[in-house]
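Topology and contacts: notes
Now for the letters of each chain:
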Amino acid sequence: MQNLPNKITRSYLLIALIASFPCVFFIFAFPEYGGDSRVYALVANNILNGCGVSISKLGSDICVPHFGGNQGPGYPAFIALIWSFSGQSDLAVRLVQAMLYIMSIVYVANSIHHYTSSLKKALIVGLVLAISPLHVAWPRFIFTETLAMAGTLWVFGELIMSLHNRKLRILPIGIGLICVTFIRLDAILLVLPVAITTFIIHKPVDAVKRGLVVGMILAVPWCGWLARNAHVGLENVFAPEYVRLHAKAPGMFSWVGVWSTNQYSSIGIHFPVYNGVYDEISVDEKAYSTPKEREIVTALLKELQTYKNKPFPHHIDSKFSLLAKSRIKADPFEYFIAVPMKRIFNFWSNPNAGYGWPGFGNILTAQDRLDIMEAGVIAKVVLIKDYPVIVTGRIITQSWKFLLYLGLILTLWLSFKNKIYTDRKLIYLALSLVFARSYLAGYFGLTEARFSVTLMPIIEIIVTLVLIDVFSKWKKSRV
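The structure contained in this document is the topic of the report that follows. Since the structure is predicted, the reported quantities are computational estimates derived from the model, not experimental observations.

Reading the values: the criteria
Counting of residues starts from 1 at the beginning of each chain's written sequence and follows it residue by residue. Residues qualify for local features only when their pLDDT is at least 70, as the model is predicted, and side-chain atom pairs are given and counted only at 80 or more; totals for whole chains, interfaces and linings, by contrast, use all residues. Only hydrogens and water are set aside when side-chain values are computed; all heavy atoms of the structure are taken into account. Strands here mean DSSP runs of E at least two residues long; helices mean DSSP runs of H or I at least four residues long; both are numbered from the N terminus. Restricting the calculation to C-alpha atoms gives the radius of gyration, and the globule rule supplies 2.2 Å times the number of residues raised to the power 0.38. Burial here depends on accessible area, computed with a 1.4 Å probe over protein chains only, as a share of the maximum for the residue type. Under 20% is buried, over 50% is exposed, and the range in between is partly exposed. Contact between two residues is taken to exist if any of their heavy atoms lie within 4.5 Å; hydrogens are not considered. Computed by Shrake-Rupley with a 1.4 Å probe, the accessible areas treat only the displayed protein chains as cover when residues are assessed. Charged residues are defined narrowly, with Lys and Arg counted positive, Asp and Glu counted negative, and His plus the chain ends left uncounted. Just so you know, the charge point we use is NZ for Lys, CZ for Arg, CG for Asp and CD for Glu. As used in this record, nonpolar core signifies buried Ala, Val, Leu, Ile, Met, Phe, Trp, Tyr and Cys residues forming a set joined through side-chain atoms within 4.5 Å. Stacked, tilted and edge-to-face pairs are distinguished by plane angle, under 30 degrees for stacked and over 60 for edge-to-face with tilted covering the rest, among Phe, Tyr and Trp rings (Trp via its six-membered ring) whose centres lie within 6.5 Å. Our definition puts a charge over a ring when NZ of Lys or CZ of Arg is within 6 Å of the ring centre and also within 35 degrees of the ring normal.

Before going further, it helps to spend a moment on the overall build of the chain. For the chain, the helix and strand inventory stands at 20 helices and zero strands. A compact globule built from 479 residues would reach a C-alpha radius of gyration of about 23 Å, and the chain, at 24 Å, matches this within 12%. Dimensions along the principal axes, computed over C-alpha positions, put the chain at roughly 75 × 55 × 50 Å. Per-residue burial for the chain yields a buried fraction of 51% across its 479 residues. For the chain, the proportion of contacts with a sequence separation of at least 24, taken over those separated by at least 6, is 74%. As displayed, the chain has an accessible area near 23,100 Å², and 66% of this comes from carbon and sulfur atoms. Charge separation in the chain, taken as the distance between the mean sites of 45 positive and 28 negative side-chain charges, equals 12 Å.

Below you can see the structure in the form of structure tokens.
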């Protein structure tokens, strides 16, 4: 027993060491930026230059306050903090966010060790998270994904510890929720597993009281931030950058929302509209419900090109809005049921998703990606020939995801149908996130595969724990 602390320490160090190798490899071999990176960097620079949270151009005479960029102000503030100590080194940002992610893996492994009283289970889960190809490559980006995963694992670890202690860890959970929601707005979905955990542990009255305290802890800084936004004169106190961009052409985006079922069909319209390059708009051939609609849209897009680099004209936007309303009225089932279901399926199954691995970038257009999704095996074989490194990465990530989904199906069957695995608490927490995220994908069109990355570690945790127990029971039955 005297050697147990050393054994635990060695196990956690092993997890951290193995997790660091792929993260560091991707950071040094494939550092990359993206569209969102520019906004985060702009806000961070403004913070460092005394302009505060703003997306005004650097060197502007006037600093126009902003909500926080593409998300809350957390990630730009994190970048600014690291830059202030590193001479504005993006490498430092990538390394620090990787370190925080690795620490979160170790922390959740430690929580599992306490909850299950098994260092073996904690070590296996930690190693699965450490090598999972679905998230090891994200630290190479100046994106929120890495810190969002770290924050999600932190909160999930606190929930596991709460179940172990049979008492909700109010303050750590509240602080965790503050940090992760200021980094990614969709992290607010974590309140669902928090609420479920509260009611699992406590009687209803106590659960409500404790839940309210957590809510108050989370609300204080957010109310302060919204008050700041009102004080500086923001027209909308809760308006991340993508909300402002959508406001440029609400009718156009309403029409896209009627038929778009995957991220590639919408990207071909969103980014050209955001940037005013209307001649680059690409509409999926499956967008049109009738030849008449195709004729109308074609004419509108042709006229729209004459407004390149100008604000989206109101009269054209109004016509797209009428098209959207007409389609919804003509076929409400398609809009309210069929399209959301297709989005949910595409969100989880997207075969082109690279999960942060080196990808096609500007090599393929949104239309090219649509064509590949719908193409046969031969087209994909040609891609392997032309882009072996990229396609190999896709094969690795997609194979892992496919096995993970099979594992999840098996986990649910063993736990509910076959009742071999009876401790379903963590499964309930994970499913609450899966259903909530699916709802956002289906009914709000948030279908980008990267929006699922914070859920993948949670699914990996429950699948691994259930399969370890099932394998152990099977092994004992053979003795």
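Before going further, it helps to spend a moment on the nonpolar core. By size, the foremost hydrophobic cluster in this structure holds 80 residues, and its most contacted members are Leu426 and Ile461. The element best represented in this core is helix α19 (residues 425–444), accounting for ten residues. In contact with Leu426, other than residues within four places in its own chain, are Tyr115, Phe156, Ile160, Leu163, Ile462 and Leu465.

Counting through the fold element by element, Ser89 comes out in the loop between α3 (74–86) and α4 (90–116). Look at Ser89 and you get partly exposed, because its relative accessible area is 22%.

Our focus in this paragraph is the packing of aromatic side chains. Counting across every chain of the model gives 24 aromatic pairs. Ring centres 5.7 Å apart and planes at 55 degrees place the aromatic pair Phe253 and Tyr274 in the tilted group. One end of the pair, Phe253, is in helix α11 (residues 250–259); the other, Tyr274, is in helix α12 (residues 263–275), with 21 residues separating them in the sequence. Judged by relative accessible area, Phe253 falls into the buried class, the value being 8%. In this structure Tyr274 comes out as buried when scored by relative accessible area, which is 13%. Between the aromatic rings of Tyr278 and Phe312, the centroid separation amounts to 5.5 Å while the plane-to-plane angle is 90 degrees, which identifies the pairing as edge-to-face. Here the residue Tyr278 occupies a position in the loop between α12 and α13 (291–304), and Phe312 occupies one in the loop between α13 and α14 (314–330), the gap between them amounting to 34 residues. Assessed through its relative accessible area of 10%, Phe312 is described here as buried. Feature note: the residues Phe25, Phe26, Phe30 and Trp357 constitute an aromatic cluster, connected by ring pairs. A cation over a ring is seen here: Arg94 above Tyr33, with NZ or CZ 4.9 Å from the ring centre. Its end group placed over the ring of Phe143, Arg450 keeps NZ or CZ at 5.3 Å from the ring centre.

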